[in-house]
Structures are given as C-alpha cells and as structure tokens.
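Take a look at the letters that make up each chain.
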Amino acid sequence: MSQRHVVKPLIRRWPTLLLMTLVGIGLAVLYLNLATPRYSAHTDVLIAPPAAKSTDAVAERTVASYAHVLGGRSIAGRVAEDLGLSESTSSIDQQLSARVLDDTSVLRVTADSTQRQQAMDMSQSAAEAFVSWLGAQDTDLSPSVVDTATASADPSSPARVAWIVAGGLLGLLAGVAVAATRNASDRSIHSPAELEAASGAPVLGAIAYDRAAVQTPLITSLGTHHPRFEAVRILRTNLQFLDIDRDNKVITITSSLAGEGKSTTACNLAIALAQAGSQVALVEGDLRRPRVSEYLGLEKAVGLTTVLVGRVSLDAAIQQSATPGLDVLASGALPPNPSEILQTNAMSSLVSELRHRYDVVLIDAPPLLPVTDASLLASISDGAILVVRHGQTGLDEVRTATARLSSVGARLLGTVLSMSPAKELSRYGYGYGYGYGPEYFAGATEGTSRKRAGKR
C-alpha cells in the first residue's frame, strides 16, 4: 500500500485529528492549572586553588568531587538549621543539586522549591554552608560565593510550552489511531475510483454536496454556471455518449438504499436532457415513496397506477412539466402490492409505448436492496443507473445492488456519486471549475453534438 493510500484516508478524517489534538492540548492545560508550580534558584561558588597548584588539576580532581558534597545530606542539614525548615534532611537533600560549570572552577548550587523566595534562600544558604565547610577542611583552597541566589519569575516546572506541545502531539497521535481505526472499519464509498471498482461500471458523473439542495432540489432554480447544474450537464453528456452502438432509450434510475438522491438525480437529468432538445418522459416508478411529482409540482393522484389498472388512458395521465420537452407520468394512487403491478404485461406494454413516443424515457425506481421493484423495472429497461451517496453507501451494498441487477439480466449502464465534498471531486477531476478536466471535455463534446444536430 502506497503512502498516498495511507495518508489520504487520514486527511479525510481531519475533524477527528483536530478534535483529538485540541483534547490533548486541553488536558495539558488542565494539568498545568492543577499542578503545583516549582521554582529553581542558583548560586555560584568559586573555588580558587593556591598559586603553586594547577588550576586544571583542581578542576579535574577536586572541584568535581565537591559537587557531590554540596548535594549531600551534611549541607542539607545545615540549610534546614539555618533557615529553620520543618522538612526532613532527606527531603531538602532532594531539592539541592550542584554541578561544575564547563571549563571553570565554579560550582553552581541549585535549589528547587514550590516557593520562589524559599528556593533562593535554600540556594544561598547551601552555598554559604559549603564555603564554611570547605574552609574548615582544606586551607589550601579559597572558596567564595561569587554570585548571589537568582531565580526566574516563571516556574521551572512544569514547563508550560513543553507540556502543551507534548499534549498536542499525543492528542494528534491518538487522533491518528482513532482515524485509522475508523478507516479500517469504514466500508463506505469515498471516491469515484472506489465506486467504479465496487460496481464494475463507469462513473457517469459526480454531484457535489450542496446544503441548499434541500430547499432547491431542481437545477431550474440555479444559475447555469452553478456547480450542481454543471455536474448534471456532464452526466447528461456522458450518458448520451455511453455505448453509442446500443440504443439506451429507457433507463431506470435507482439506488442501493433510500436517501441517496436518486429522485433528484432523475428529475434533474430529465430536465437537462429536455433542455438539450430531447423529448423526455419521466416515469415516477417509485410506488412506495414517490417524490418526483412533489419536486416538479405536479398532481400525483392520476398517473402510472391508474393507467395500469385501465382507469384512464396514457395520454390523459401524462402531465407536461414547466420544462419544454419534459413530460411526466406521476405515480398515481399508491397500491398495496407495487411489485405485482410493476411485473404485469400492462407495465411492459406501457414502457414499449413510451419508447416509441419519446427520445428518452427515465424511470425513477425504488431502492434495490429493500424491495424488488427496481429490479423489475430495470429488467424491462435498456439499462440502469445506480446513484450512490458519498460516505454513506457501503461497498458491500453497491456490490449487492449490482448483483441484484445482474440476477434479472439488467444492464448497469453506470453510476453517479452523489453528495460528495467538492474538494474530493476536484481531487479526482470531477469538480466544476476553470481548467481542462473532464468537465471541459464534456462541455466540448456537448457543443460538438449540438453542432451536429444543427446540421441535420
């Protein structure tokens, strides 16, 4: 697996990564607010050797050994006595340390305490106690305090910046782990390439997610350069040039499950085909949850079912939409047995009649997986288009839907990826914008087809 295939799914989970990073930073800040701050203070002691001795020899063999004395319990006891501290000698000893400054004969005494002033007092007292002790031990050396105790105004621990950075990094790592786990368990479609691999059919178009689609589902309410309008035009063009050696006049539009956008896709594709000059019939074949007539603002009391049972003629049931060239056969009264009605000879005869009357017949069918209606409609059509919702429809669901169509001998002409993030589409070349991606060539091909139609 390439690095790209590992990183891209993680980037897709950027909200999780961001959230976990912020949680890590928040926990670090919480710890900093609850932790008791500690301050460090230091005092420098110079150990001057006699003139007859080498300074280097003292620094190497003598000064370093005195650093251990400064950090020992003897000095800690003198500090406790000098400052009147109630803490034990071992506790004070743990708060004191000493080291030799590089290439010098200077010992730096460091004290650590929860109070800044106490740290300074302990450091100063330890340095003076050491000078007194050393003066009594070796008269050849001349120790002296060369720098009084100093302490930073900010606590030495916990280090705020380090803790915040560490918290953010740990949160990010936790986010990566969570994102990787979710990706491993996520079986939904996230790209045109995944959809094509799962269905075995070409992706005819991809429609970006548009929050306004709930209020304005039809492209007739959009500007001609709106991304959703352009996506439907691309779908129209790709459909017109799909398998040109075969006649694809009657097409069933379906999905694996409900809520994937099949009805809006059917309506908008029918509108786009009619706007291109085709005579289009749109059949509301979803006799369970019909939406086409609602979207188009048409009456659905009379339609497909009333024609099939012989109550009205086909001519009387067909309604003209607001788009010239687009006629609609609404659902009619909803029957208790949709599957039985759709597999009658009357339904096959109706489809044949529409085939002779119109250039294109689109049938909006129910989802494939819950009921058999879509399979029945696809079997009497020239093929089916499967609408798949980005990030919601699973790979297994697409494969099962494809198998349902194959089991009745129906052709899957192609698929449409709906409600996909615009950035995701542009990454795969399906977005609408300035450039020479598929949308450019689709527009060029569409223009050529119009010129050819004009010459005829």
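In this report, we go over the structure that sits alongside the text. For every chain, the first residue of the written sequence is number 1, and numbering continues from 1 along that sequence. Thresholds applied to this predicted model are a pLDDT of at least 70 for local features of residues and 80 or more for the giving and counting of side-chain atom pairs; totals over whole chains, interfaces and linings are not thresholded and use all residues. Computation of side-chain values covers all heavy atoms of the structure but excludes hydrogens and water.

1. Topic: the sheet that holds strand β9 (residues 326-329)
Judged by pairing direction, the sheet is mixed, and its eight strands sit side by side in the order β5-β12-β11-β6-β10-β7-β9-β8 without closing on themselves. With partners counted over all chains shown, the strands left at the sheet margins are β5 (203-208) and β8 (319-320), one partner each. Where β8 and β9 come together, two bridges link them in antiparallel fashion. When the sheet's bridge partners are listed, glutamine 320 is paired in β9 with aspartate 327. The criterion used for residue contact is that any of the two residues' heavy atoms lie within 4.5 Å. Every axis in this analysis is a line fitted to C-alpha atoms, fitted for helices over the stretch in contact. Angles between the N-to-C directions lie between 0 and 180 degrees. Secondary structure elements follow DSSP: runs of H or I of four or more residues count as helices, runs of E of two or more count as strands, with numbering from the N terminus. Relative to the sheet, helix α8 (residues 192-199) contacts β5, β11 (383-389) and β12 (412-420), its axis offset from that of β12 by approximately 145°. Across the sheet, helix α17 (residues 395-407) lies against β11 and β12, angled at about 170° from β11, the strand it touches most. Being paired, for any two strands, means DSSP has found at least two bridges between them.

2. A short note on the nonpolar core
As used in this record, nonpolar core signifies buried Ala, Val, Leu, Ile, Met, Phe, Trp, Tyr and Cys residues forming a set joined through side-chain atoms within 4.5 Å. With a 1.4 Å probe rolled over the protein chains alone, any residue whose accessible area is under 20% of its type maximum counts as buried; one over 50% counts as exposed, and the rest are partly exposed. One finds Ile189, Leu304, Leu329, Leu350, Leu354 and Val361 to be the most contacted residues of the largest nonpolar core, which totals 42 residues. Sequence-distant contacts of leucine 304, that is, excluding residues within four places in its chain, are made with Val283, Glu284, Gly285, Leu287, Leu329, Ala330, Ser331, Gly332, Leu342, Met347 and Leu350. Counting residues in hydrophobic clusters, the runner-up holds 34 residues, among them Ala231, Leu235, Ile251 and Val360.

3. With respect to the environment of threonine 104
Summarising the element assignment, threonine 104 is placed in the loop between β2 (96-100) and β3 (106-113). Along the chain, threonine 104 and isoleucine 47 lie 57 residues apart, while their C-alpha atoms are 9.3 Å from each other.

4. Looking at the packing of helix α4 (residues 73-83) against helix α6 (residues 116-137)
One can describe the packing of α4 onto α6 by two numbers: an axis separation of 9 Å at closest approach and a directional angle of 120°. Between α4 and α6, the angle is such that the two are oblique. Crossing angle aside, the handedness with which α4 passes α6 is right-handed. Of α6, the residues touching α4 (which contributes Ile75, Arg78, Val79, Asp82 and Leu83) are Asp121, Met122, Ser125, Ala126, Ala129, Phe130, Ser132 and Trp133. Each residue receives one of three labels: charged for Asp, Glu, Lys and Arg, nonpolar for Ala, Val, Leu, Ile, Met, Phe, Trp, Tyr, Cys and Pro, and polar for the others, Gly being one of them. When the residues that make up the contact of α4 with α6 are grouped by side-chain class, the tally is eight nonpolar, two polar and three charged. Here roughly perpendicular refers to angles of 65 to 115 degrees, roughly parallel to angles under 35, roughly antiparallel to angles over 145, and oblique to all remaining angles. Crossing handedness is read from the near helix: turned anticlockwise from the far helix by less than a right angle, it gives a left-handed crossing, and turned clockwise, a right-handed one.

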